[in-house]
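Chain by chain, the residues run as shown.
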Amino acid sequence: SQTIHQWPATLVQPVGSPLSLECTVEGTSNPNLYWYRQAAGRGLQLLFYSVGIGQISSEVPQNLSASRPQDRQFILSSKKLLLSDSGFYLCAWSVRGMTGGAQLFFGEGSRLTVL
Amino acid sequence: DAKTTQPPSMDCAEGRAANLPCNHSTISGNEYVYWYRQIHSQGPQYIIHGLKNNETNEMASLIITEDRKSSTLILPHATLRDTAVYYCIGKSGGYQKVTFGTGTKLQVIP
């Protein structure tokens, strides 16, 4: 069966510090991968999605970047965190190309607090 | 993606059926209707999806109108654990980008 792992679960970082959140998927190949962010009391914002190694689509201009160094690994990074980067970060995957291609499977989430 | 409209909030008595509506009047012929829910402090959970026919699984039923302009997610016997934000999405298969709207906050009342 397929599983998705995301870490760290909780992170408290000072403003200006770097960030690295990692997500890995097991039990499937060539997935679409996604990073979402949810600010406190707000909806889900799509940040990045990827259809393959090295292929990243960015949805909003921001202080963040994403990379996909391996087929089932998706990394969210920042060189210098801002207060506005605080939020709940969610990684997700879907099967590429199927009619149910919007059936997303989410990780447990990473809660980032920037102080 | 099809534009979807959902009521911001709804209440439902525990044990009763919860009927969550979604309007997607601009949906095109190849776009599926997906439903997710997000329980507080967790990632969204896929519930069900359909194209034209009504669908049922162990979690819920999805009723899509004949003209496909709206749908209803039915939780047949709501429990307190069903309290969550429910999202309706209109999406073509095979497309990569998946965005969520604001959803309906369902409160199940004891």
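Note that the coordinates shown come from a computational prediction; the quantities given were computed from them, not determined experimentally. Here the residue numbering is sequential within each chain, running from 1 through the sequence in written order. Following the order in which they are written, the chains are lettered starting with A and the ligands numbered starting with 1. Only residues with pLDDT of 70 or above have their local features reported here, since the model is predicted, and side-chain atom pairs are shown and tallied only from 80 upward, although totals for entire chains, interfaces and linings are computed over all residues. To obtain the side-chain values, all non-hydrogen atoms of the structure were used and water was disregarded.

Asker: Would you mind going over the overall build of chain B with me for this structure?
Answerer: Each helix is a run of H or I in the DSSP string that is no shorter than four residues. Each strand is a run of E no shorter than two, and both are numbered from the N terminus. A tally of helices and strands in chain B yields zero helices and nine strands. Mapped from its N terminus to its C terminus, chain B presents α and β elements in the order β-β-β-β-β-β-β-β-β. Here the globule rule reads 2.2 Å times residues to the power 0.38, and the radius of gyration is calculated from C-alpha atoms. Against the compact-globule benchmark of 13 Å for 110 residues, chain B has a radius of gyration of 13 Å, which places it among compact chains. Once the C-alpha set of chain B is aligned to its principal axes, its extents read approximately 40 × 30 × 25 Å. For the exposure calls, accessible area comes from a 1.4 Å probe over protein chains only, and a residue counts as buried if that area is under 20% of its type's maximum, exposed if over 50%, partly exposed in between. Within the span of chain B, comprising 110 residues, buried residues form 43% of the whole. Contact between two residues is taken to exist if any of their heavy atoms lie within 4.5 Å; hydrogens are not considered. By sequence separation, contacts in chain B at least 24 residues apart represent 56% of the contacts at least 6 residues apart. All accessible areas in this document rest on Shrake-Rupley with a 1.4 Å probe, and a residue is counted as covered only by the protein chains that are shown. Roughly 5,600 Å² of accessible area belongs to chain B as shown, and the carbon and sulfur atoms make up 49% of that amount.

Asker: Help me out: how do you make sense of the packing of aromatic side chains in this one?
Answerer: Where two aromatic rings form a pair, the distance of their centres and the angle of their planes describe that pair. Two aromatic rings from Phe, Tyr or Trp, using only the six-membered ring of Trp, form a pair when their centres are within 6.5 Å; if the ring planes differ by under 30 degrees the pair is stacked, by over 60 it is edge-to-face, and anything between is tilted. In this structure the tally under the stated criterion is 12 aromatic pairs over all chains. When the centroid spacing of 6.1 Å and the interplanar angle of 25° are considered together, the rings of Tyr34 of chain A and Tyr36 of chain A count as stacked. For Tyr34 of chain A, a relative accessible area of 0% puts it in the buried group. Judged by its relative accessible area of 0%, Tyr36 of chain A is buried. For the pair Phe106 of chain A and Phe100 of chain B, a centre-to-centre distance of 6.0 Å together with 65° between the ring planes defines the contact as edge-to-face. Taken together, the residues Phe106 of chain A in strand β10 (residues 105-106) and Phe100 of chain B in the loop between β8 (84-92) and β9 (104-109) connect one chain to another. You can call Phe106 of chain A buried: its relative accessible area is 13%. Take Phe100 of chain B: its relative accessible area is 10%, and that puts it in the buried class. An aromatic cluster of three or more residues is present, and its members are Tyr34, Tyr36, Tyr49 and Phe106 of chain A together with Tyr36, Tyr46, Tyr87 and Phe100 of chain B. In this scheme, the term charge over a ring applies when either NZ of a lysine or CZ of an arginine sits within 6 Å of the ring centre and within 35 degrees of the ring normal. Just above the ring of Phe88 of chain A sits the side chain of Arg111 of chain A; from NZ or CZ to the centre is 4.3 Å.

Asker: It is not clear to me how the nonpolar core should be interpreted in this structure. Could you clarify?
Answerer: The tendency in soluble globular proteins is for nonpolar side chains to be buried as a group. Take the buried Ala, Val, Leu, Ile, Met, Phe, Trp, Tyr and Cys residues and link them wherever side-chain atoms come within 4.5 Å; each set so joined is a nonpolar core. Core analysis: the largest hydrophobic core is formed by 21 residues, its most contacted members being Leu20, Trp35, Leu73, Leu75, Tyr86 and Leu106 of chain B. Breaking this core down by element, the ones donating at least two residues are β2 (18-23), β3 (31-38), β4 (45-50), β6 (61-64), β7 (70-75), β8 and β9 of chain B. Excluding residues within four positions of it along the chain, Leu106 of chain B makes contact with Met10, Asp11, Cys12, Ala18, Leu20, Leu75, Asp82, Thr83, Ala84 and Tyr86 of chain B. With 20 residues, the next largest nonpolar core counts Leu19, Cys23, Phe48 and Ala66 of chain A among its residues.

Asker: Is there a simple way to think about unusual backbone geometry in this case?
Answerer: Residues other than glycine predominantly adopt negative phi, and peptide bonds predominantly adopt the trans conformation. A cis amide bond, omega 0°, links Trp7 of chain A with the succeeding residue Pro8 of chain A. A positive phi angle, close to 55°, is found at Asn30 of chain A, a residue other than glycine. For Asn30 of chain A, the position within the fold is in the loop between β3 (19-26) and β4 (32-38). Even without a glycine there, the phi angle at Ser41 of chain B is positive, about 70°. Tracing the backbone through its elements, the reader meets Ser41 of chain B in the loop between β3 and β4.

It is worth stressing that arrangement in space is one thing and function is another; only the former is reported here.
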